[in-house]
Amino acid sequence: MAADQDTLGYEQARDELVDVVRRLEAGGSTLEESLALWERGEELARVCRRWLEGARARLDAALSAEGTGTGDGDGEDQGV
């Protein structure tokens with residue numbers, strides 16, 4: 001699974017997860033196939049969650065830097 005996070009971008013993991021869910025909802029798979037799809041879906045969900053957590057951390061850091069005055073965008077006299 002760690003290799004998935006290194007090789008799959010967020011959009012790729014999300015798209016594959018959507019496909020897994022679609023296949024599970026459609027039914028018609030054997031129990032073993034369904035379990036394998038479920039496990040893959042769990043892995044993909046973890047990859048997506050890590051990407052989103054990383055994005056949130058970057059946003060929080062940028063907002064924190066902006067709030068402490070180290071950023072350029074204080075919103076005052078921007079000529080707008």
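A brief look at the structure comes next. Every residue gets a number counted from 1 within its own chain, in the order that chain's sequence is written. This being a predicted model, a pLDDT of at least 70 is required before a residue's local features are given, and a value of 80 or more before pairs of side-chain atoms are given or counted; all residues contribute to the totals for chains, interfaces and linings. Each side-chain value is derived from all of the structure's non-hydrogen atoms; neither hydrogens nor water enter the calculation.

This next bit is on helix H3 (residues 31-67). For the purposes of this entry, the term helix denotes a DSSP run of H or I that reaches at least four residues, the term strand denotes a run of E that reaches at least two, and both are numbered from the N terminus. Expected helix span is computed as 1.5 Å times (number of residues minus one). For H3, built from 37 residues, the straight-helix expectation of 54 Å at 1.5 Å per residue is met to within 8% by its first-to-last C-alpha distance of 53 Å. Buried means the residue's accessible area, taken with a 1.4 Å probe over protein chains only, is under 20% of the maximum for its type, while exposed means over 50%, and partly exposed covers the values in between. Of all the positions in H3, only Leu37, Gly41, Leu44, Val47 and Cys48 are classed as buried.

All right, on to the environment of Glu42 then. Along the polypeptide, Glu42 turns up in helix H3. For the pair formed by Glu42 and Leu17, sequence separation is 25 residues and the distance between their alpha carbons is 8.6 Å.

Where charged atoms from two side chains of opposite charge approach closely, those side chains can pair. Only one rule defines a salt bridge in this text: a Lys or Arg side-chain nitrogen within 4 Å of an Asp or Glu carboxyl oxygen. Across all of its chains, the model carries four salt bridges by this definition. With a shortest N-O distance of 3.2 Å, Asp15 and Arg14 are connected by a salt bridge. A relative accessible area of 44% places Asp15 in the partly exposed class. Its relative accessible area of 33% is what places Arg14 among the partly exposed residues. Between Glu16 and Arg40 there is a salt bridge; the shortest N-O distance is 2.8 Å. Linking Glu16 in helix H2 (residues 10-26) with Arg40 in helix H3, this pair joins segments that are 24 residues apart in sequence. It is possible to trace a salt-bridge network through shared partners that takes in Glu16, Arg40 and Glu43.

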